[in-house]
Amino acid sequence: MDEEYDVIVLGTGLTECILSGLLSREGKKVLHMDRNDYYGGESASLNLTQLYRKFRPNETPPSELGRDRDYNIDLIPKFIIASGELTKILVHTDVTRYMEFKQIAGSYVYRDGKISKVPSTEMEAVKSPLMGLFEKRRARNFFSFLQNWKDDDTTTQQGINLDKDSMKTVYEKFGLESGTQDFIGHAMALYLDDDYINKPARPTYERIVLYTQSMARYGKSPYIYPLYGLGELPQSFARLSAIYGGTYMLDKPIHEIVTDSDGKFVGVRSGEETVKAKQVIGDPSYFGAGAEGGKVRVVEEGKVVRAICVLKHAIPGTDESDSCQIIIPQKQVNRKNDIYIAAVSHTHNVAAKGIWIAIVSTIVETSVPERELLPGLQLLGSIHDKFVSISSLYTPTADGKSDNIFITRSYDATSHFETVVDDVQDVWQRVTGTPFSELNLKKTEVENLQE
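Right, let's walk through the structure included here. (Residues numbered from 1 in each chain as written. Predicted model: local features only at pLDDT ≥ 70, side-chain atom pairs only at ≥ 80, totals over all residues. Heavy atoms only, no water.)

### Digging into the overall build of the protein
Now for step 1: Helix and strand counts for the protein stand at 12 helices and 19 strands.
Now for step 2: Radius of gyration (C-alpha) of the protein: 23 Å, near the 22 Å computed for a compact globule of 451 residues.
Now for step 3: For the C-alpha atoms alone, the extent of the protein along its principal axes is close to 70 × 60 × 45 Å.
Now for step 4: Burial statistics for the protein: of 451 residues in total, 57% are counted as buried.
Now for step 5: By sequence separation, contacts in the protein at least 24 residues apart represent 71% of the contacts at least 6 residues apart. (Helix = DSSP H or I, 4+ residues; strand = E, 2+ residues; numbered from the N terminus. Rg over C-alpha atoms; globule rule 2.2 N^0.38 Å. Buried < 20%, exposed > 50% of the residue type's maximum accessible area, 1.4 Å probe, protein only. Contact = heavy atoms within 4.5 Å.)

### Some thoughts on empty space enclosed by the protein
Now for step 1: Evaluated as defined, the whole model comprises five cavities of 30 Å³ or more.
Now for step 2: Each pocket or cavity is described by its volume, and for the largest cavity that value is around 60 Å³.
Now for step 3: Around the largest cavity, the lining residues are Pro77, Lys78, Phe79, Gln325, Tyr340, Ile341, Ala342, Ile359, Ser361, Thr414 and Ser415.
Now for step 4: With three residues, strand β16 (residues 339-345) is the largest single contributor of residues to the lining of the largest cavity.
Now for step 5: Class assignment for the residues of the lining of the largest cavity results in six nonpolar, four polar and one charged. (1 Å grid on protein atoms, 1.4 Å probe; cavity = no way out; pocket = protein on both sides within 12 Å on 5 of 7 lines; lining within 4 Å. Points joined across faces, edges and corners; volume = space filled by probe spheres on them. Nonpolar A, V, L, I, M, F, W, Y, C, P; charged D, E, K, R; others polar.)

### Some thoughts on the sheet that holds strand β17 (residues 356-363)
Now for step 1: The sheet built from seven strands is open, its strands ordered β8-β7-β15-β16-β17-β14-β18 with mixed pairing. Bordering the open sheet on either side are β8 (114-117) and β18 (385-396), each of which pairs with just one other strand. Here the average twist between neighbouring strands, direction ignored, is 25 degrees.
Now for step 2: The pairing of strand β7 (residues 107-111) with strand β15 (residues 324-328) spans three bridges and is classified as parallel. Directly across from Ser107, in β15, lies its bridge partner Gln325.
Now for step 3: Most of the contacts of helix α7 (residues 178-188) go to β7, to which it runs at about 145 degrees, and overall it touches β7 and β15. (Pairing = 2+ DSSP bridges. Axes fitted to C-alpha atoms, helices over the stretch in contact; angles between N-to-C directions.)

### Comments concerning the sheet that holds strand β9 (residues 223-226)
Now for step 1: The strand order across the open sheet built from three strands is β5-β9-β6, with neighbouring strands paired in antiparallel fashion. Because the sheet does not close on itself, it has two edges, and the strands there are β5 (80-81) and β6 (101-103).
Now for step 2: Where β5 meets β9, two bridges bridge the pair, whose relative direction is antiparallel. By the bridge assignment, Ile80 is partnered in β9 with Ile224.

### Topic: helix α12 (residues 418-432)
Now for step 1: Taking 1.5 Å as the rise per residue, α12 with 15 residues should run 21 Å; its terminal C-alpha atoms sit 21 Å apart, in good agreement.
Now for step 2: Looking at the buried residues of α12, the elements they touch are α1 (14-25), β5, α3 (85-92), α8 (202-218), β13 (273-282) and β19 (405-407).
Now for step 3: A positive phi of about 80 degrees marks Gly433, the residue just after α12. (Expected span 1.5 Å × (residues − 1).)

### Section: helix α9 (residues 232-243)
Now for step 1: If you check α9, its first and last C-alpha atoms are 17 Å apart, about what 12 residues at 1.5 Å a residue would give, namely 16 Å.
Now for step 2: Along α9, the positions that sit buried rather than exposed are Glu232, Leu233, Pro234, Ser236, Phe237, Ala238, Leu240 and Ser241.
Now for step 3: At its buried positions, α9 is contacted by α1, β5, α3, β9 and β10 (247-249).
Now for step 4: Gly245 sits one or two residues past α9 and shows a positive phi near 95 degrees.

### A look at the pairing of strand β11 (residues 256-259)
Now for step 1: Where β11 meets strand β12 (residues 265-270), four bridges bridge the pair, whose relative direction is antiparallel. Within β12, the residue paired with Glu256 across the bridge is Arg269.

### Here's the deal with the packing of aromatic side chains
Now for step 1: What the rule picks out here adds up to 14 aromatic pairs.
Now for step 2: For the ring pair Tyr39 and Tyr248, a centre distance of 5.8 Å and an interplane angle of 55 degrees mean the geometry is tilted. Of this pair, Tyr39 sits in the loop between β2 (30-33) and β3 (45-46) while Tyr248 is found in strand β10, placing the two residues 209 residues apart along the sequence.
Now for step 3: Where Tyr171 meets Tyr196, the ring centres are 6.5 Å apart and the plane angle is 90 degrees; that geometry is what we call edge-to-face. (Phe/Tyr/Trp six-rings, centres within 6.5 Å; stacked < 30°, edge-to-face > 60°.)

Structure (structure tokens):
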């Protein structure tokens, strides 16, 4: 380990693996290290043995759950938006050749004590119990307004300025009920809370358009998911890095981030060895997250509680779906933040036949986090087993430009990867000094993503 690298990357989470893959592809000499003996870091997919080692170190998995190798259980529940930014990167880098994708069967929303499917066709919209007849007409006018909007044509704008008027103003213009606003803001624009309502409407407009475009791509739902679990994503970007000369070291403990007398990054020490590089990128756990003492490089912004639930049946009310997303808008259960359920099954090669994996998650608001998941857990029917984790959300205190130490953010509570890509783009710009857009992410059709 005595050669010098352009960049050392610490942790093989998805954010770090996308960055190392792209940096290697751009000709940088990259060394990628992880303290774990598996890829994925916080965004790994674990087999049963690894899952029990993490949550119940003194127990062995019960034989009734089937073969260890049939399981790839995600630690972080997220789906890929079919027309989103991650899809563009997957296509641009040709990482899709290492993976297969399957569609998520449906997206559901909780309202007045029961779940209903988010309509994916005109026919489903007409039959949907989410709105009454007159409200459906108002909602149709609202969606038609969004669909026809053109920035350079005032006749399409109905007197609304998306950059100045709040989303509240737009909702009121079309007379939409609060239940419909809930549904649009949380099940389509995918906001975690209601802060967006009083902000300018453009970001919400863009989110709804992204959702409807993604829904139109394959029908049923706007989401796709990789066979064998989300852990396939970081592994595929790691392959990309290796093709372009990136070096990987797993099961390598990191003992020290070495800096010079000015505090600038020099290298990384593992045991007696120190490897040098010009820059370092890594997840918060390698920079003092949760540790006392030393320089404060990351701060905690909140916590997420997640329950990985093993089911022996489909989630009730989802039409025996092999997969789904359920959103419980915060107002429905008197909370500040939504509760999400992401469910996949043996058809995605993540569990043994006849087994579903449902992950319930939310942002922690009280001193009893697990109890906050109850509204979601109660929708699952009989739960065979569950594994609960509480993770801190860390964010870096500095942009890294002065000391060449670039720290990524923790994986948030959103149900998709758009914020992960935001972080990738942000770190890329800081590390390379060039905008991510100059990578020329070509808008290739992604029909080949799904069998």
